[in-house]
Amino acid sequence: MNVVTDGRTVVGFDGSPSAWRALDWATARVAERGGTLEIVHAIDTRLGGAVFGPRFDLETTVEVELRQAAGHVRAMAPDVVVESRWVDGPPAGALLRESGTAALLVVGTDKRPDRPGTRIGTLPLKLAAKSECTVAVIPDSPPPERNVVVVGVDRSGFARSALALAVTEASWRGAQVEAVHAWDVPEALQRALDSGENADPAFLEREQAVIPEAIADIPIARTAPIVPVVVRLNPAAALVEHGTGAVAIVVGTRGRGRFMASLLGSVSHDVLLNLPCPVLVTPKEYAFVVPNAPDDGDW
């Protein structure tokens, strides 16, 4: 199991409004929990030279933006240890290389909860699919209305990693965890259920047991304030619905890291396309450890 304990948070930064939102979110998080903050600006200097010509000083421009970003962090949270640097090359590759030793990657998106569709951009999807550490995607969303962390739970191992992360996240905010298990059926069976055909009680009992079984498997979840929610709905739709106004949504992914590139699972992919609040995607078998995390007695 890959365990990262140094609390190093990396923010992908390009000077855009979404990058500044991601930086603010990451700064507040590190200020509260400790660890270090690193601002990484990836830029393809070959492309810059092709667009502006060889005399354009792209490197100096980027360095100015990085100094501004680091200064912003120090003004916002003077005690946060912050470093900044730029790397030459495409952003996805640069940030994926950072994921091998980081505790968290943070990126922003211009996605808004009231604008469904695919305008999230490709970078968050690539990072969530292939990162070796947890990825936080920060949309253009209003402040949370409910002190709740929502997590998707099924019978898989990666869902248990998501539950552990959700409990850790909630512990820092004194928040409640809303564990959502959604089960769906093919259209033909859906029509039968809608027409009044009853599901087998044994099947319903098994679905109701999914969340308690997951909690029993995660030591830090056993005493946490967790509200179980079991619904018959598309899982991604259920998470988006319950995540509206929440602090964050936490999902696991079947992705296996950048060395065995794979697509995101359909649920995490669809949640990211319609994210109503910050979404944290944690890879399978990844243990998220926060330095100086509150113990069970702080619940």
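That block above? That's the structure.
Below: a short report on this structure.

### Describing the pairing of strand β8 (residues 176-183)
Link 1 in the chain: In terms of burial, β8 is largely enclosed, as 7 of its 8 residues are buried.
Link 2 in the chain: By the bridge criterion, 5 bridges tie strand β7 (residues 148-152) to β8 in an arrangement that is parallel. Across the sheet, the residue bridging to V148 is Q176, located in β8.
Link 3 in the chain: Pairing of β8 with strand β9 (residues 226-232) involves 7 bridges; the strand directions are parallel. Its bridge partner being in β9, E178 is matched across the sheet by V227.

### With respect to the packing of aromatic side chains
Link 1 in the chain: All chains considered together, the criterion is met by 1 aromatic pair.
Link 2 in the chain: Aromatic side chains F13 and W20 sit 5.1 Å apart centroid to centroid with 85° between the ring planes, which places their arrangement in the edge-to-face category.
Link 3 in the chain: On the basis of relative accessibility, which here comes to 3%, the residue F13 falls in the buried class.

### Points about the packing of helix α9 (residues 235-243) against helix α10 (residues 266-273)
Link 1 in the chain: At a closest axis distance of 8 Å, the pairing of α9 and α10 adopts a crossing angle of 40°. Accordingly, the angle class assigned to the pair α9 and α10 is oblique. The way α9 lies across α10 gives a crossing that is right-handed. Of α10, the residues touching α9 (which contributes P235, A236, L239 and V240) are V267, D270 and V271.
Link 2 in the chain: Considered class by class, the residues forming the contact of α9 with α10 number 6 nonpolar, no polar and 1 charged.

### Regarding the pairing of β7
Link 1 in the chain: Counting buried positions over the 5 residues of β7 gives 5, a clear majority of the element.
Link 2 in the chain: Along β7, one buried face is formed by V148, V150 and G152 and the opposite face, lined by V149 and V151, is buried too.
Link 3 in the chain: The handedness of the β7 to β8 crossover, carried by helix α6 (residues 157-173), is right-handed.
Link 4 in the chain: Sheet topology places β7 next to strand β10 (residues 248-253); 3 bridges connect them, and they run parallel. Residue pairing in the sheet places V151 in a bridge with V250 of β10.

### Overview of the nonpolar core
Link 1 in the chain: Counting 44 residues, the largest nonpolar core has L37, V151, L163 and I226 as its most contacted members.
Link 2 in the chain: Considering each element in turn, this core owes the most residues, 6 residues, to α6.
Link 3 in the chain: In contact with L37, not counting residues within four places along its chain, are T9, V11, L23, A26, T27, V30, V73, V80, V81, V82 and E83.

### Here we look at the sheet that holds strand β3 (residues 36-43)
Link 1 in the chain: Pairing is mixed across the open sheet formed by 10 strands, whose spatial order is β4-β3-β2-β5-β6-β11-β10-β7-β8-β9. Here the strands that pair on one side only, and so sit at the sheet edges, are β4 (81-88) and β9. Sheet twist, expressed as the mean angle between neighbouring strand axes with direction ignored, is 20°.
Link 2 in the chain: Each of β5 (104-108), β6 (134-138), β10 and β11 (279-283) touches helix α5 (residues 122-130); the most contacted strand, β5, lies at about 165° to it.

### Points about the pattern of salt bridges
Link 1 in the chain: One pass over the structure, following the stated rule, counts 11 salt bridges.
Link 2 in the chain: Its salt-bridge partner being E178, residue R146 comes within 3.7 Å of it at the nearest N-O pair. Of the two residues, R146 sits in the loop between β6 and β7 while E178 sits in strand β8, which places them 32 residues apart along the sequence.
Link 3 in the chain: On the basis of relative accessible area, R146 is assigned to the partly exposed category, the value being 29%.
Link 4 in the chain: On the basis of relative accessibility, which here comes to 11%, the residue E178 falls in the buried class.
Link 5 in the chain: Across the pair R155 and E207 runs a salt bridge whose closest N-O atoms are separated by 3.4 Å. Note that R155 is positioned in the loop between β7 and α6 and E207 in helix α8 (residues 201-217), a separation of 52 residues in sequence.
Link 6 in the chain: Several salt bridges converge on common partners, so that one network encompasses R8, E38, R85 and E98.

What counts and what doesn't
- Residues numbered from 1 in each chain as written.
- Predicted model: local features only at pLDDT ≥ 70, side-chain atom pairs only at ≥ 80, totals over all residues.
- Heavy atoms only, no water.
- Buried < 20%, exposed > 50% of the residue type's maximum accessible area, 1.4 Å probe, protein only.
- Helix = DSSP H or I, 4+ residues; strand = E, 2+ residues; numbered from the N terminus.
- Pairing = 2+ DSSP bridges.
- Phe/Tyr/Trp six-rings, centres within 6.5 Å; stacked < 30°, edge-to-face > 60°.
- Axes fitted to C-alpha atoms, helices over the stretch in contact; angles between N-to-C directions.
- Parallel < 35°, antiparallel > 145°, perpendicular 65-115°, else oblique.
- Left-handed = near helix turned anticlockwise from the far one by under 90°.
- Contact = heavy atoms within 4.5 Å.
- Nonpolar A, V, L, I, M, F, W, Y, C, P; charged D, E, K, R; others polar.
- Right-handed = clockwise from strand over helix to strand, strands pointing away.
- Core = buried A, V, L, I, M, F, W, Y, C linked by side-chain atoms within 4.5 Å.
- Salt bridge = Lys/Arg side-chain N within 4 Å of Asp/Glu carboxyl O.

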